[in-house]
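Here's the letter readout for the chains.
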Amino acid sequence: MTFFDTGLLLSLTAAALGLIWKILGWLRLTVAPAPRPGMGARLAALGKGLLRSLAPCAAARWLRALIVDGLLQRRIASNGFYRWLMHMLIFTGFMGLLIMHGMDELTSELWFSDYAPTLDPFQWLRNLFGVLALTGLGIAAWRRLSQPRVKRTTGLQDWVLIALLAGIMLSGVGLEASKIISPHVFDSMVEDYLGSDDEAEINALRLLWADEYGVVFPVAPPRSDEALAQGRELNEESCVYCHSRPSSAFASYPLAKAVAPLGNILNNLRADLLFYYLHVGLCFLGLVLLPWGKFMHPLSAPINLTLRRGRTTSDTASAAPALADALRPIGMDACTHCGACSEHCSVAPSFMALGTPDILPSEKLGALKRHAAGRLDAPARRAFAEGSQICTECLRCTTVCPSGIDLQDLWMQSKARLRITGPHEPHAVLQQRPTRHWAKTLRSLPPALAEASRSVKICDNRDSFWGCVQCTTCTSVCPVVASSEAPARELDLTPQQIMNMLRMGLKEEAMGAEMVWSCVTCYKCQENCPQGVRVADVLYELRTLAWARLREHPEAWDEAGTSPGHEPETQGGEA
């Protein structure tokens, strides 16, 4: 077997085994708190769900979702033109190369009777697709390096994917350029297609290909007008039907011209073979990695969009338990780690104060997958629990997710499970002591490391609350105050009183107020404030800063066994 055949067989086998393992995971893992249906029930529920999707009305919805959200990336377009442009360039370039070039024996050769990879327009198209993909990858790398919100969530997997795709594209350009200058490739073509071993004819053809095709021969062929004319005639007879001039390869031909002075060295090193092994090897590596992590999203994202039929609401929990349990792992694998959810996350300021990556949806989803698989150690479980408990379930992440993942449902299910298994949310611990206790405790604790590292905070900036005129509008619209029978006793302070405490410089006292810890972050206070005071943001930051201080000082916690060091009885796992 050849290198290509062996590599293709091995990589296809590895990819197939990985996909089987991934599908078994979809049928096995669960994030729900209660005992769930087994693999057989989930498989049957998925089958029934797919059959129901074939009904005309349902089929129209998922087909629309697949085209509008999957191919045209409508949701990404709504998040920004450059992000949409980046995705479309990568998608168009990569799929064009895969279909027209990588699978040409199954596609291009069947669709076009005169197809040859070195003929125009196929040669030109190959360069165009490569340049489109490289441009998109360049925008992706620039975005992840230059935009702070995206940079802080960029991980190794993101760079590996960008590097691998860029490596495939660049090695392809290098392969084509090295073949253009290679006399070995020329000799092989002469042997296969010229049908003559006359040295004078071969030299005439060499002269033409050195002049017009860019081949670098170790010894320049004898030059004469007659030889050039003969070479042109032989070229018309034997070559042009499958070989256009390389000038249409607008990416690789300039590279070939640039390295031509080093042509003899590169040809002696057989650069064409080196680039071939590199290019094909990287393609095989991409195939092997396909079922794993972010590499899986080209398959799982369309599946998730189809099963969700393009919905942007959270409705997985309303499905039959077996179907819901099957949909959730598929959704987790559909994540592209684009960071859109984290950019729109309403509790992202908590990440700035606490520094726990799992607060951000894009990072928490990865932790949730490991939690469901039982692969989180104790510190990682605590970080995951903290990120889960801080979530306010505002639905923003679900609405903006370009892969259509029902993130809201995943957070609610995992939080319900954490309420059973622990670690427990800070509210449960704080409610065991009166507010005055925590106010005193917080005053005695130094600022947390994450708190101290931020020079300007909302509740330390007088402009955030100085406009408050104590009109009590925030208190009047607050649902927490409205549901309290005795606000002064149950909540300690109302929202406008907390603003007044900050005006007096009593931040620690405000941190300990029950109102801060009971706020449901509905934002009604902030939306109705006639002075534009960021009431909800201030309350939320006070709670976050207080939690950051207490987290770094476990000795300040009570003895109820629910301190930050409390270990869960169990964690997520198989159904």
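Everything quoted here is computed from the prediction, not taken from an experiment.

Cut-offs and rules
Residues numbered from 1 in each chain as written. Predicted model: local features only at pLDDT ≥ 70, side-chain atom pairs only at ≥ 80, totals over all residues. Heavy atoms only, no water. Core = buried A, V, L, I, M, F, W, Y, C linked by side-chain atoms within 4.5 Å. Buried < 20%, exposed > 50% of the residue type's maximum accessible area, 1.4 Å probe, protein only. Helix = DSSP H or I, 4+ residues; strand = E, 2+ residues; numbered from the N terminus. Domains from an automatic or database assignment. Contact = heavy atoms within 4.5 Å. 1 Å grid on protein atoms, 1.4 Å probe; cavity = no way out; pocket = protein on both sides within 12 Å on 5 of 7 lines; lining within 4 Å. Points joined across faces, edges and corners; volume = space filled by probe spheres on them. Nonpolar A, V, L, I, M, F, W, Y, C, P; charged D, E, K, R; others polar. Salt bridge = Lys/Arg side-chain N within 4 Å of Asp/Glu carboxyl O. UniProt positions renumbered as here; feature names shortened; annotations may be inferred. Axes fitted to C-alpha atoms, helices over the stretch in contact; angles between N-to-C directions. Left-handed = near helix turned anticlockwise from the far one by under 90°. Phe/Tyr/Trp six-rings, centres within 6.5 Å; stacked < 30°, edge-to-face > 60°. Lys NZ or Arg CZ within 6 Å of the ring centre and 35° of its normal.

## Focus on the nonpolar core
A general tendency of soluble globular proteins is for nonpolar side chains to be buried together. Of all hydrophobic cores here, the largest spans 49 residues; its most connected members are Ile498, Met499, Met515 and Leu542. Secondary-structure elements contributing two or more residues to this core are helix H19 (348–354), helix H25 (435–444), helix H28 (479–482), helix H30 (495–503), helix H31 (507–511), helix H32 (514–518) and helix H34 (535–551). If you tally residues by element for this core, the top one is H34, at 11 residues. Each of two domains, domain 2 (314–323 + 335–423) and domain 3 (430–554), supplies a minimum of three residues to this core. Leu542 has contacts with Cys459, Ile498, Leu502, Lys507, Ala510, Met511 and Val516, leaving out every residue within four places of it along the chain. Formed by 23 residues, the second largest nonpolar core is a distinct cluster that contains Tyr115, Ala133, Leu161 and Leu282.

## Some points on the layout of surface pockets
Reported here for the second largest pocket is a volume of approximately 730 Å³. Gly293, Asp333, Gly366, Lys369 and Arg375 are, among the 28 residues lining the second largest pocket, the residues nearest its centre. For the lining of the second largest pocket, the secondary structure elements donating two or more residues are helix H1 (3–28), helix H9 (156–181), helix H17 (321–333) and helix H20 (361–372). Considering each element in turn, the lining of the second largest pocket owes the most residues, 6 residues, to H20. Looking at side-chain class alone, the lining of the second largest pocket contains 10 nonpolar, 7 polar and 11 charged residues.

## What to know about the pattern of salt bridges
Pairing between side chains becomes possible if they bear opposite charge and their charged atoms approach one another. Using the criterion set out here, one finds 23 salt bridges in the structure. For the salt bridge of Asp325 with Arg42, the shortest nitrogen-to-oxygen distance reads 3.9 Å. With Asp325 in helix H17 and Arg42 in helix H2 (residues 39–53), the pair connects residues that are 283 residues apart, well separated along the chain. Neither residue differs from the other here; Asp325 and Arg42 are each classed as buried. The salt bridge partner of Arg75 is Asp69, with a shortest N-O separation of 3.7 Å. Exposure class is identical for Arg75 and Asp69. Each is buried. Several salt bridges converge on common partners, so that one network encompasses Arg42, Asp325, Arg328 and Asp409.

## A short note on the UniProt feature "transmembrane region" (unreviewed entry) in the protein
The UniProt feature table records "transmembrane region" (unreviewed entry) at residues 7–29, 84–103, 123–142 and 274–292. Between the C-alpha atoms that bound residues 7–29 there is a distance of 32 Å. The span itself is 96% helix and 4% strand.

## Considering the packing of helix H5 (residues 81–102) against helix H7 (residues 122–146)
Where H5 contacts H7, the two axes come as close as 8 Å, and the packing angle between them is 145 degrees. Relative to H7, H5 is oriented so that their crossing is left-handed. Residues belonging to the contact of H5 with H7 are distributed by class as follows: 16 nonpolar, 7 polar and 3 charged.

## Observations regarding the environment of Ala163
Within the secondary structure layout, Ala163 lies in helix H9. Take Ala163: its relative accessible area is 48%, and that puts it in the partly exposed class. C-alpha of Ala163 to C-alpha of Gly93: the two residues are 70 residues apart in sequence and 16 Å apart in space.

## A look at the packing of aromatic side chains
Under the criterion given, the structure shown has 13 aromatic pairs. Where Trp209 meets Tyr213, the ring centres are 3.9 Å apart and the plane angle is 10 degrees; that geometry is what we call stacked. Pair check on accessibility: Trp209 and Tyr213 agree, each one buried. Taken together, the aromatic side chains of Phe3, Phe4, Tyr276, Tyr277 and Phe284 make up a single cluster linked through ring pairs. The aromatic ring of Trp466 is capped on one face by Arg462, whose charged end is 3.9 Å from the ring centroid. Across the ring face of Trp466, the terminal group of Arg503 is positioned such that the distance to the ring centre comes to 4.8 Å.

## Regarding the domain arrangement of the protein
We note that the domain assignment places domain 1 (180–275), domain 2 (314–323 + 335–423) and domain 3 (430–554) within the protein. Each of domain 1 and domain 2 has a C-alpha centre, and these two points are 59 Å apart.

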